[in-house]
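Per-entry structural report
The chain contents come next:
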Amino acid sequence: MGHRHVPGVAIAILRDGRLESVRGYGTRSAGRALSVGRDTLFSVGSVSKVATAALCLKLVSLGILDLDLDIGRWLTRWRVPSGPAGDAAAVTLRMLLSHTAGFNVHGFQDIAPDAPMPTLIQTLDGAAPALNKRLERIDAAGTRSRYSGGGYMIVQAVIEDALGVSFGSAASRYLFAPLGMARSRFDAAPPADTVDIAHAHDGAGRAVAVPRGWQSFPELAPSGLWTTAGDLARLVLGLGASYRAPGGLLPQELAVDMMTAVSPGPFGLGPRLAGEGAARIFHHAGANDSYKAYIEGNLATGDGLVIVTNGANGDVLGDEIRNAVSDALAWPGDWSVQTALIAAASLFESFVGHYERRMDQDRALAGILDTTFSVGSLEIIRSAEGLQMIAKGKSRALVAVTSNRFAVPDAYIPAGTLQLSFDRGADRSVRSLTVIGGGGALLFDRA
């Protein structure tokens, strides 16, 4: 925590479908004796989407919503725009929840405490004071996995219009109360007198958004959940229990549907999915500017993990925590990569060069990398320290896994490790490389 300048962390460990422990570390506000505890409230960024998806599916189970009907039947305040080239194909909740509806707007900016907050419709329209672009369909519905926080704002509009109540009220009644998530709330900004709340900090561990201590997140469904490590554990446990047996928060068949990937992407209905058999997990990360969070649940064993932090570098710290927990508990199918000293230096020159992404590759094979590793070209150079990858102006060191395969230690892939495999032919030449991570692969041709 000190190395990463993250003042506060809370961690929940799940074993065999039960909550084994919840512990807090550090402080809620840098330089102050305000300990993080099991009930400390954190902003959790895009982990909000899993809670939103669970709420949506609960409403489906009650017959209020349907996953596969045109969402226009419920919307009363906003109309779904036409798609590319006038595409009028229906957009469904299944598409929106799995990021396959074809919408733009990846995420949203944090809003300073004294800045005006947009309404739901202003956000959808990209109208001031909203800071995002207008929601538009840029892919044909159902054809591409493109992460869209904007799509989850449409889910929020559907729920509010269908029920005639606020999104926060719907979540409290249909999700938080049944799961016992007592401190959880969808709230743009908890009031300044909120007790036991983690304050926001930048990458150097300095307090920001002062004097209140936290930014505003008016985009509730994609990023506006405030919750605790213990409450998030209840969500992970509730979804896992519904998957494994009848009688849970969701009907078992619907929970299995939630945890089935929607092609061509790695998402089910809300969470990301990874692993096979006994190593099959659902997971999601959250990243507002000053708060980082992560949840993971093993669908077979009921093991899992919740990490919430109040520092801008909490995602990198969270990766280290996740790997430590996985190692300590001997989780199956771990995605960390062990490296060893390999005498590969004689091959380095053959790997150096400029590589261009092969754009006609099947997006279903690319998986999560199609949008999370969104670079059209990259450069491999050799330095005194070894090989480095330069992409979008940033240099990252490569560490050998084999003589032609390298890990990229400081690149973030949820529940995974980004790797580069140089494709060396019988004539010893390297004409391409494969970028691997999160169950997906991207091909790059050497220029």
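Residues numbered from 1 in each chain as written. Predicted model: local features only at pLDDT ≥ 70, side-chain atom pairs only at ≥ 80, totals over all residues. Heavy atoms only, no water.

A few points about the overall build of the protein chain
Regarding its fold elements, the protein chain presents 12 helices and 18 strands. What you see for the protein chain is a C-alpha radius of gyration of 22 Å, in line with the 22 Å of a compact globule of 447 residues. Counting only C-alpha atoms and orienting by the principal axes, one finds that the protein chain spans roughly 65 × 60 × 45 Å. Roughly 17900 Å² of accessible area belongs to the protein chain as shown, and the carbon and sulfur atoms make up 51% of that amount. Across the protein chain, the mean location of the 41 positive side-chain charges is 1 Å away from that of the 42 negative side-chain charges. (Helix = DSSP H or I, 4+ residues; strand = E, 2+ residues; numbered from the N terminus. Rg over C-alpha atoms; globule rule 2.2 N^0.38 Å. Areas by Shrake-Rupley, 256 points an atom, 1.4 Å probe, with all protein chains shown as cover. Lys, Arg positive; Asp, Glu negative; His and termini not counted. Charge placed at Lys NZ, Arg CZ, Asp CG, Glu CD.)

Description of empty space enclosed by the protein
Empty space among the atoms becomes visible once a probe the size of a water molecule is rolled across them. Under the counting rule described, the total for this entry stands at six cavities of 30 Å³ or more. Lining the largest cavity we find 13 residues, and of these A293, Y294, D315, G318 and Y412 sit closest to its centre. Here the element with the most residues in the lining of the largest cavity is helix 9 (residues 314-329); it accounts for five residues. Residues belonging to the lining of the largest cavity are distributed by class as follows: six nonpolar, three polar and four charged. Size it by volume and the second largest cavity reaches roughly 70 Å³. Along the walls of the second largest cavity sit P266, R272, L273, A274, H283, I368, P414, A415 and G438, which together make up its complete lining. Class assignment for the residues of the lining of the second largest cavity results in six nonpolar, two polar and one charged. (1 Å grid on protein atoms, 1.4 Å probe; cavity = no way out; pocket = protein on both sides within 12 Å on 5 of 7 lines; lining within 4 Å. Points joined across faces, edges and corners; volume = space filled by probe spheres on them. Nonpolar A, V, L, I, M, F, W, Y, C, P; charged D, E, K, R; others polar.)

Brief notes about the sheet that holds strand 5 (residues 225-227)
Taken in spatial order, the three strands line up as 3-5-4 in an open sheet, and their pairing is antiparallel. Each edge of the open sheet carries a strand with a single partner, namely strand 3 (42-43) and strand 4 (185-186). (Pairing = 2+ DSSP bridges.)

Some thoughts on the pairing of strand 10 (residues 353-357)
Only one face of strand 10 is covered, namely the face carrying G353, Y355 and R357; the face carrying H354 and E356 is uncovered. Bridge count between strand 10 and strand 11 (residues 377-383): four bridges; the pairing is antiparallel. Following the sheet pairing, G353 is matched in strand 11 by I380. Inspection of the sheet shows strand 10 paired to strand 18 (residues 440-446) by three bridges, in the antiparallel sense. Bridged to E356 within strand 18 is D445. (Buried < 20%, exposed > 50% of the residue type's maximum accessible area, 1.4 Å probe, protein only.)

A closer look at the side chain of R396
Checked against the element boundaries, R396 lands in strand 13 (residues 394-397). In terms of polar contacts, R396 uses its side chain to reach the backbone carbonyl oxygen of D410, at 2.9 Å. (Polar contact = N/O pair within 3.5 Å; in protein donor to acceptor, adjacent residues only side chain to side chain.)

With respect to the side chain of S98
Locating S98 in the fold gives a position in the loop between helix 2 (93-97) and helix 3 (120-125). Here S98 falls in the buried class, since its relative accessible area comes to 1%. A polar atom in the side chain of S98 sits 2.7 Å from the backbone oxygen of R94. A polar contact is formed between the side chain of S98 and the side chain of T100, at a distance of 2.9 Å. Excluding its chain neighbours within four sequence positions, the residues that come into contact with S98 are V262, F267 and G268. (Contact = heavy atoms within 4.5 Å.)

A look at the sheet that holds strand 8 (residues 291-298)
With respect to topology, six strands assemble into an open sheet ordered 2-1-9-8-7-6, the strand pairing being antiparallel. The strands lining the two open edges of the sheet, one partner per strand, are strand 2 (18-26) and strand 6 (272-274). Neighbouring strand axes in the sheet, compared pairwise and without regard to direction, differ in orientation by 15° on average. With six bridges connecting them, strand 8 and strand 9 (residues 304-309) associate as antiparallel partners. By the bridge assignment for strand 9, Y294 is matched with I307. (Axes fitted to C-alpha atoms, helices over the stretch in contact; angles between N-to-C directions.)

Looking at the pattern of salt bridges
Summed over all chains, the structure comprises 21 salt bridges. Ionic pairing is found between R134 and D125, a salt bridge with its closest N-O pair at 3.4 Å. For D125, a relative accessible area of 28% translates into the label partly exposed. For D202, the salt bridge goes to R206, with nearest N and O atoms at 3.0 Å. Overall, R206 belongs to the exposed group, its relative accessible area being 54%. In the salt-bridge network here, residues are joined through shared partners; they are R144, R357, R363 and D370. (Salt bridge = Lys/Arg side-chain N within 4 Å of Asp/Glu carboxyl O.)

Digging into the packing of helix 1 (residues 48-61) against helix 5 (residues 167-179)
Remark: helix 1 packs on helix 5, axes separated minimally by 10 Å, with the N-to-C direction vectors making an angle of 70°. In terms of axis orientation, helix 1 runs roughly perpendicular to helix 5. Note that helix 1 runs across helix 5; the crossing there is left-handed. Two secondary-structure elements touch here, helix 1 through A51, T52, A54, L55, K58 and L59 and helix 5 through F167, A170, A171, Y174 and L175. Of the residues contributing to the contact of helix 1 with helix 5, the split by class is nine nonpolar, one polar and one charged. (Parallel < 35°, antiparallel > 145°, perpendicular 65-115°, else oblique. Left-handed = near helix turned anticlockwise from the far one by under 90°.)

Focus on the environment of E379
Relative to the assigned elements, E379 resides in strand 11. Here E379 falls in the partly exposed class, since its relative accessible area comes to 29%. C-alpha separation for the pair E379 and E356, spaced 23 residues apart in sequence, amounts to 8.9 Å. In contact with E379, other than residues within four places in its own chain, are G353, H354, Q388, M389 and I390. Separated by 2.8 Å, the side chains of E379 and H354 make a polar contact.

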